[in-house]
Amino acid sequence: MCKTCKGKFYMTTAIAYTSAKPHIGNTYEVVLADAIARFKRQEGYDVYFQTGTDEHGQKIELKAEEAGVTPKEYVDQVAGEVKQIWDLMNASYDNFVRTTDADHERQVQKIFKKLYEQGDIYKGYYEGLYCTPCESFFTESQLVDGKCPDCGREVQAAREEAYFFKMSKYADRLIEHINTHPEFIQPVSRKNEMMNNFLLPGLQDLCVSRTSFKWGIPVDFDPKHVVYVWLDALTNYITKIGYDADGEHSDLFKKNWPADLHLIGKDIIRFHTIYWPIFLMALDVPLPKQVFGHPWLLQGDGKMSKSKGNVLYADELVDFFGVDAVRYFLLHEMPFDNDGVISWELLVERINSDLANTLGNLVNRTIAMSNKYFGGVVSDQGAAEPVDEELKAVVTAARDKAVAKMADLRVADAITEVMTLFKRCNKYIDETLPWVLAKDEAKQDRLATVLYNLTESISIGANLLKSFMPDTAAKILSMLNETERDFDDLASFGLRKNGQKVTEKPEILFERLKLDEVLAEVEKRHPAAAAAEEAKEEEPAIELEQKEEITFEDFGKMQFAVGEIIACEEVKKSKKLLCSQVKIGNQVKQIVSGIKKYYSAEEMVGKKVMVLVNLKPAKLAGVLSEGMLLCAEDAEGNLALMTPEKDMPSGAEIC
């Protein structure tokens, strides 16, 4: 809510693939998008927020066949689950897209025909290696250990008649756009990955139709072909706001395009920053302003997977913790450009420390003291002291700090700024000791002023919390007998009217949880997963081979630092080696590592790693290596890169 409109803001999520119920990692994206959309509305933007489901492709055709239903029946059921979970998580979207919608399908056919008639699409044959789950073709050199580089599954040899899009025709134009619009791909690590791994080496023409299955949008002038899923899915961003291939665009399209933000997972960044802008160039449509590839939310020791048995779902987490507690964890715990981790233990720890202690306890005892000492009436009696100004400075600065973080899509940092406000309120209580003031009749005006300052601070904090935890913010404002304030007023202190009462019986916002009770309930619901975890815990410990002792002086000769991988490629003459360009402070070192079995060159880019900096340079497979990436190795010889627990700048010394 804001007094003045700052203009339109059109944002989208990737549309969820309807092959299965979305897990919490998938759900993170819509919660992140919702927080951004709500905050933009508070700032005064006219927001249009679109999400939805991607419903065509071979994988869905096979899933439907296994389930004994038609593809349409299958996607209807899964799309219903997706929408139910999005609604459960309080997502404030304006439009929920389905790519089986008739208006979308018709426009996709018109777009395909337009591109064909202007010479951007031609018919040929595709012969290559196809990954059905990813709906993607790969060359032999792109595979990792003979498997799909994106998901690690088996690929199948495929040869079929297909239509192709001339990607190279627009490649130079796209490279120029990326170079002249540094904000287009974020974070920067994703931009480097796209440029170095795909655009600069040269783009191959893209297969844009299939004939080996039927569940897709038919090419209307050649009906044995169906439109390749990515051309179908990506165009939803324009078709569902009224783009028309014949030029009869809707007012909604004219108002909102180009999109201000495409929010997507880092695993589909290639499709959104290479294929999608090239399609738009061919259609003579402006490019979106920004594509943000967010990191993954990992469960325990890896990416969520049904086969691993480590999948968490939003509805079950909400059943345990409530909607806003889950929203808070997802938004607060995900770094800007590194993967985050979720587990039952981490959830309980964060809810107890931040929500029950810092926030819930603050609100409860402020209201309780107002009732106990003044019958719930809150008034500023003007008995100010210097410590009040310190509190007010933190409170009135919180809005602009949050705005700055949200402008860069650093949502976790923005919510941290709001929690800093609440933590300062708790410190203020410790500084002013209201229960001590209450014992001195001469200090009643001071006590009233302290409780007013606390109530006013919490009110401002609740308004700032609204985008991230909407239900909790509304409860707090209701208990304080406050209404939502104009966003422009959140940097001002003292707008609460004297004499307003707080509620007589404050609601407990978040109960403290006992980890053993939560884990016992989880085990009761998921006995098979609990048994697997127990078996894992019983694995014998690795026997560490003892090496010769060294002195502190020996250790001091080695220099360790945090490095950021800005580029990576396979070493052509080796099956094991990757060659990384690692930024360490103000220098870049080339480091060769035998980790190709465990990491693809693509996923290395953007990682923060621990580096032995001053290792004597050596040549490996004829390639110069100027340092060493540190890894952990288990008993089976599996490797994992050592990364800093928290986001640290490249060049930070490890000591």
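Let us look at the structure shown here.

**Quick notes on the overall build of the protein chain**
The secondary structure content of the protein chain amounts to 22 helices and 27 strands. Over its C-alpha trace the protein chain gives a radius of gyration of 28 Å, about what one expects of a compact globule, namely 26 Å for 655 residues. With respect to the three principal axes, the spread of C-alpha positions in the protein chain is 90 × 75 × 50 Å. Per-residue burial over the protein chain gives 53% buried out of 655 residues. A fraction of 75% describes how many contacts in the protein chain between residues 6 or more apart in sequence connect residues 24 or more apart. Charged side chains of the protein chain number 79 positive and 104 negative; the gap between the two group centres comes to 3 Å.

**Focus: the nonpolar core**
With 103 residues, the main nonpolar core has Ile36, Phe321 and Phe468 as its most contacted residues. If one sorts the elements of this core by residue count, helix 13 (residues 344–374) sits on top with eleven residues. Look past the residues within four positions of isoleucine 36 in its chain and what remains in contact with it is Phe9, Met11, Leu261, Leu263, Met406, Leu409 and Val411.

**So, the layout of surface pockets**
Taken as a whole, the second largest pocket spans an internal volume of roughly 1,400 Å³. Taken together, 43 residues form the lining of the second largest pocket, with Thr139, Ser141, Gln142, Asn197 and Phe198 sitting closest to its centre. Residue assignment for the lining of the second largest pocket shows that the elements contributing at least two residues are strand 6 (136–138), helix 6 (188–199), strand 9 (206–207), helix 10 (269–283), strand 18 (560–570), strand 19 (578–584) and helix 22 (601–604). A class-by-class count of the residues in the lining of the second largest pocket yields 22 nonpolar, eleven polar and ten charged.

**Comments concerning the pattern of salt bridges**
A complete count under the given rule lists 43 salt bridges for this structure. In this structure, the salt-bridge partner of lysine 123 is glutamate 161, at a minimum N-O distance of 3.8 Å. On the criterion of sequence distance, the pair formed by lysine 123 in strand 5 (residues 121–131) and glutamate 161 in strand 7 (residues 156–165) is long-range, its members being 38 residues apart. Of the residues examined, lysine 123 reaches a relative accessible area of 41% and is grouped as partly exposed. Overall, glutamate 161 belongs to the buried group, its relative accessible area being 15%. For arginine 159, the salt bridge identified is with glutamate 127, shortest N-O distance 3.5 Å. Linking arginine 159 in strand 7 with glutamate 127 in strand 5, this pair joins segments that are 32 residues apart in sequence. Judged by relative accessible area, arginine 159 falls into the exposed class, the value being 55%. Overall, the relative accessible area of 62% leaves glutamate 127 in the exposed class.

**Quick notes on the packing of helix 1 (residues 24–43) against helix 12 (residues 323–333)**
Contact geometry of helix 1 with helix 12 gives a least axis separation of 9 Å together with a crossing angle of 90°. Judged by the angle between their axes, helix 1 and helix 12 are roughly perpendicular. Here helix 1 contributes Ile24, Tyr28, Val31, Leu32, Asp34, Ala35 and Arg38 to the contact with helix 12, which in turn contributes Val326, Arg327, Leu330 and Leu331. Across the contact of helix 1 with helix 12, the residue classes tally to eight nonpolar, no polar and three charged.

**Overview of the packing of aromatic side chains**
Evaluated as defined, the whole model comprises 24 aromatic pairs. Taking the centre distance of 5.8 Å and the plane angle of 65° together, the rings of tyrosine 237 and tryptophan 276 count as edge-to-face. Within this pair, whereas tyrosine 237 is found in helix 8 (residues 236–239), its partner tryptophan 276 is found in helix 10, the two being separated by 39 residues in sequence. The class of tyrosine 237 is buried, set by a relative accessible area of 2%. Above the face of the tyrosine 125 ring, arginine 159 is positioned so that its terminal group lies 4.6 Å from the ring centre. Sitting over the face of the ring of phenylalanine 336, arginine 410 holds its NZ or CZ atom 3.8 Å from the ring centroid.

**Quick look at the pairing of strand 20 (residues 587–593)**
Relative to strand 20, strand 19 is paired through seven bridges, and the arrangement is antiparallel. Considered in strand 20, the bridge of lysine 583 is made with valine 588. Joining the antiparallel neighbours strand 19 and strand 20 is a turn of two residues, in which glycine 585 adopts a positive phi near 65°.

**Quick notes on a nonpolar patch on the surface**
A contiguous nonpolar surface patch, about 240 Å² in accessible area, is contributed by Leu433, Trp435 and Val436. Take valine 436: it is sitting in helix 16 (residues 434–437).

**Describing the pairing of strand 3 (residues 45–54)**
Of all the ten residues making up strand 3, eight are buried; the element is thus mostly covered by neighbouring parts of the structure. Bridging between strand 1 (residues 7–13) and strand 3 involves six bridges; their strand directions are parallel. Considered in strand 3, the bridge of glycine 7 is made with tyrosine 45. Strand direction decides the pairing type here: strand 2 (residues 16–17) and strand 3, joined by two bridges, are parallel. Across the sheet, residue alanine 16 finds its bridge partner in strand 3, namely threonine 53. The sheet contact formed by strand 3 and strand 4 (residues 95–98) spans four bridges and is parallel. Bridge assignment links glutamine 50 to a residue of strand 4, and that residue is asparagine 95.

Criteria and thresholds
Residues numbered from 1 in each chain as written. Predicted model: local features only at pLDDT ≥ 70, side-chain atom pairs only at ≥ 80, totals over all residues. Heavy atoms only, no water. Helix = DSSP H or I, 4+ residues; strand = E, 2+ residues; numbered from the N terminus. Rg over C-alpha atoms; globule rule 2.2 N^0.38 Å. Buried < 20%, exposed > 50% of the residue type's maximum accessible area, 1.4 Å probe, protein only. Contact = heavy atoms within 4.5 Å. Lys, Arg positive; Asp, Glu negative; His and termini not counted. Charge placed at Lys NZ, Arg CZ, Asp CG, Glu CD. Core = buried A, V, L, I, M, F, W, Y, C linked by side-chain atoms within 4.5 Å. 1 Å grid on protein atoms, 1.4 Å probe; cavity = no way out; pocket = protein on both sides within 12 Å on 5 of 7 lines; lining within 4 Å. Points joined across faces, edges and corners; volume = space filled by probe spheres on them. Nonpolar A, V, L, I, M, F, W, Y, C, P; charged D, E, K, R; others polar. Salt bridge = Lys/Arg side-chain N within 4 Å of Asp/Glu carboxyl O. Axes fitted to C-alpha atoms, helices over the stretch in contact; angles between N-to-C directions. Parallel < 35°, antiparallel > 145°, perpendicular 65-115°, else oblique. Phe/Tyr/Trp six-rings, centres within 6.5 Å; stacked < 30°, edge-to-face > 60°. Lys NZ or Arg CZ within 6 Å of the ring centre and 35° of its normal. Pairing = 2+ DSSP bridges. Patch = residues over 30% accessible without salt bridge, like charges linked within 9 Å, V, L, I, M, F, W, Y side chains within 5 Å. Areas by Shrake-Rupley, 256 points an atom, 1.4 Å probe, with all protein chains shown as cover.

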